[in-house]
Amino acid sequence: MHDYDKNGDEFLQIDLNNTLKKIIPDNTSQGQYNYPGKKHYQAVEAWPDADSYLPGGDRNALLNCDAHLKATLIGSSQIFDVDSGTLGVGVTGYIYFVDFDRTRPRTRKCKIIIIGDC
Amino acid sequence: MHDYDKNGDEFLQIDLNNTLKKIIPDNTSQGQYNYPGKKHYQAVEAWPDADSYLPGGDRNALLNCDAHLKATLIGSSQIFDVDSGTLGVGVTGYIYFVDFDRTRPRTRKCKIIIIGDC
Amino acid sequence: MHDYDKNGDEFLQIDLNNTLKKIIPDNTSQGQYNYPGKKHYQAVEAWPDADSYLPGGDRNALLNCDAHLKATLIGSSQIFDVDSGTLGVGVTGYIYFVDFDRTRPRTRKCKIIIIGDC
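Residues numbered from 1 in each chain as written. Chains lettered and ligands numbered in written order. Predicted model: local features only at pLDDT ≥ 70, side-chain atom pairs only at ≥ 80, totals over all residues. Heavy atoms only, no water.

Q: A description of the interface of chain B and chain A should follow, citing residues and the corresponding values.
A: Often, the extent of an interface is quoted as the loss of accessible area on bringing the components together. Contact residues are listed per partner, giving 23 residues for chain B and 25 residues for chain A. Where chain B abuts chain A, roughly 2,100 Å² becomes buried across the two surfaces, and 67% of that area is made up of carbon and sulfur atoms. The tally of links from chain B across to chain A stands at two salt bridges. Two residues, A:Lys111 and B:Asp83, come together in a salt bridge whose shortest N-O distance is 2.8 Å. Scanning the region where chain B abuts chain A turns up twelve residue pairs in polar contact (both at pLDDT 80 or more). (Contact = heavy atoms within 4.5 Å. Buried area = accessible area lost by both parts, 1.4 Å probe. Salt bridge = Lys/Arg side-chain N within 4 Å of Asp/Glu carboxyl O. Polar contact = N/O pair within 3.5 Å; in protein donor to acceptor, adjacent residues only side chain to side chain.)

Structure (structure tokens):
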């Protein structure tokens, strides 16, 4: 909210990242978590589009256990009310869309479902 | 995902369990958490079906504070979109239904509510 | 559930508070977290109703980083089914409405949206 560090990261988001990192350290080496296991690597390597998951065959691109765990903790859906055309997040509320994966850049889609009369 | 340990537990689920256990240790003895308190024991023991909550009168069957706290952190509901008959969880997404209670086996129900045209 | 401490706090709620506090310590001093930053203070101080956010100009009233982080972890919405007029929270389920902010008393609203035939 209003303040950003030199990397352009918003202060509250940095604090959230730090909190999550404390609970769920970045997955930087094989064997640090159980996942990803041997069979998962083999399965992904057998996919027709394997190279988009493991660019250059680099197995480190699948070291995203922390992302799975963070996403599970935070949840993958959230509901917001819209009343008379106003999004009910309060004066200081923000909606973040987060991809916790750090291993490779990619395009992400966020699905917004509107229920009710509009 | 693809890998299971010798107990049949999926790797990512083990990692999630380990993470949650670190934050919220298993409730294995009375007094470890505030809950369950004296009045809660007395209330449950007065229920007509008390024996299904405390089999054989064993008060340890109520040592499930960790399950309450884990469930609160993870949340009890989640929304998924279904588009043209396809569940929107992505290529590698899974839906887990978890009962964090470790104290006694039982049957659980998961309620699925479908909203919209189907 | 059934048990309360001398402050009137319910046991399971105390356990949840303790768990969250362990992960996300109370924000009691400036600089403890990145948020709130200088620009956020300046922005709030420029609001027409600044005094309701910073009573008496006390900047400590904005030390609520922990509240933002706890709310993000727990989530701001939850779905419950109502079947034949009964709220589906089970025998021992409760719904808590929590404002994690500790800095000043205020009135809060909880929005309940009912979807479906009632």
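Q: Can you lay out the interface of chain A and chain C for me, pointing to particular residues and giving the numbers?
A: Each side of the interface is counted separately: chain A has 23 residues, and chain C has 25 residues. Summing both partners gives a buried area of about 2,100 Å² for chain A against chain C, and 66% of it is carried by carbon and sulfur. Taken together, chain A and chain C are joined by two salt bridges. With a closest N to O distance of 3.0 Å, C:Lys111 and A:Asp81 form a salt bridge. Connecting chain A to chain C are twelve residue pairs in polar contact (both at pLDDT 80 or more). For the side of chain A that touches chain C, the secondary-structure elements that each account for two or more residues are helix H1 (11–23) and helix H4 (65–74) of chain A. (Helix = DSSP H or I, 4+ residues; strand = E, 2+ residues; numbered from the N terminus.)

Q: Account for the pattern of salt bridges, with residues named and values stated.
A: Pairs can form between side chains of opposite charge whenever their charged atoms are close. Within the structure shown, the criterion is met by 27 salt bridges over all chains. A salt bridge links A:Arg108 to A:Asp99; the nearest nitrogen and oxygen atoms lie 2.8 Å apart.

Q: Can you explain helix H2 (residues 38–46) of chain B? Please cite residues and give values.
A: All names here are of chain B. All of the buried residues along H2 are His40, Tyr41, Ala43 and Val44. Taken down its axis, H2 places every buried residue within 165° of arc, on the same side. In H2, the exposed residues that point more than 90 degrees away from the buried face are Lys38, Lys39 and Ala46. Close packing links the buried residues of H2 with helix H3 (50–53). (Buried < 20%, exposed > 50% of the residue type's maximum accessible area, 1.4 Å probe, protein only. Arc of directions from axis to C-beta.)

Q: An account of the relation of the copies chain B and chain A is needed here, citing residue identities and associated values.
A: It takes a turn of 120° to lay chain B on chain A, together with a shift of 0.0 Å along the axis; the resulting RMSD is 0.0 Å. Here the copies are linked by what is in effect a three-fold axis. Taking C-alpha positions as reference, the residue of chain B nearest the rotation axis is B:Leu73, located at 3.9 Å. Counting the interface residues of chain B, we find that no more than 17% of their copies in chain A are interface residues as well, pointing to two distinct contact surfaces. (Least-squares fit on C-alpha atoms with pLDDT ≥ 70 in both.)

Q: Hey, could you go over the packing of helix H4 (residues 65–74) of chain B against helix H1 (residues 11–23) of chain C for me, with residue numbers and the actual values?
A: Close contact between H4(B) and H1(C) brings their axes to 10 Å; oriented N to C, the two are set at 65°. Viewed along their axes, H4(B) and H1(C) form a crossing whose handedness is right-handed. Contacts between H4(B) and H1(C) pair B:Cys65, B:His68, B:Leu69, B:Thr72 and B:Leu73 from the former with C:Leu12, C:Asp15, C:Leu16, C:Thr19 and C:Leu20 from the latter. Its residues placed into classes, the contact of H4(B) with H1(C) shows six nonpolar, three polar and one charged. (Axes fitted to C-alpha atoms, helices over the stretch in contact; angles between N-to-C directions. Left-handed = near helix turned anticlockwise from the far one by under 90°. Nonpolar A, V, L, I, M, F, W, Y, C, P; charged D, E, K, R; others polar.)

Q: Talk me through the nonpolar core; I want residue IDs and the actual numbers.
A: Core analysis: the largest hydrophobic core is formed by 48 residues, its most contacted members being A:Leu73, B:Leu73 and C:Leu73. Going through the elements one at a time, H1 and H4 of chain A, helix H1 (11–23) and H4 of chain B together with H1 and helix H4 (65–74) of chain C are the ones with two or more residues in this core. Excluding anything up to four places from it in sequence, C:Leu73 contacts A:Leu20, A:Leu73, A:Ile74, B:Leu73, C:Leu20 and C:Ile24. (Core = buried A, V, L, I, M, F, W, Y, C linked by side-chain atoms within 4.5 Å.)

Q: Before we move on, could you go through the environment of C:Gly31 and cite the residues and values that matter?
A: Residues and elements named next belong to chain C. Residue position: glycine 31 is located in the loop between H1 and helix H2 (38–45). According to the relative accessible area criterion, glycine 31 is exposed, its value standing at 70%. The sequence separation of glycine 31 and valine 82 amounts to 51 residues, and the corresponding C-alpha distance is 45 Å.

Q: Outline the packing of aromatic side chains, supporting the account with residue identities and numerical values.
A: Residues and elements named next belong to chain B. Enumeration according to the criterion identifies three aromatic pairs over all chains in this entry. With 4.8 Å between their ring centres and 75° between their planes, tryptophan 47 and tyrosine 53 make a pair best called edge-to-face. We classify tyrosine 53 as buried; its relative accessible area is 16%. (Phe/Tyr/Trp six-rings, centres within 6.5 Å; stacked < 30°, edge-to-face > 60°.)

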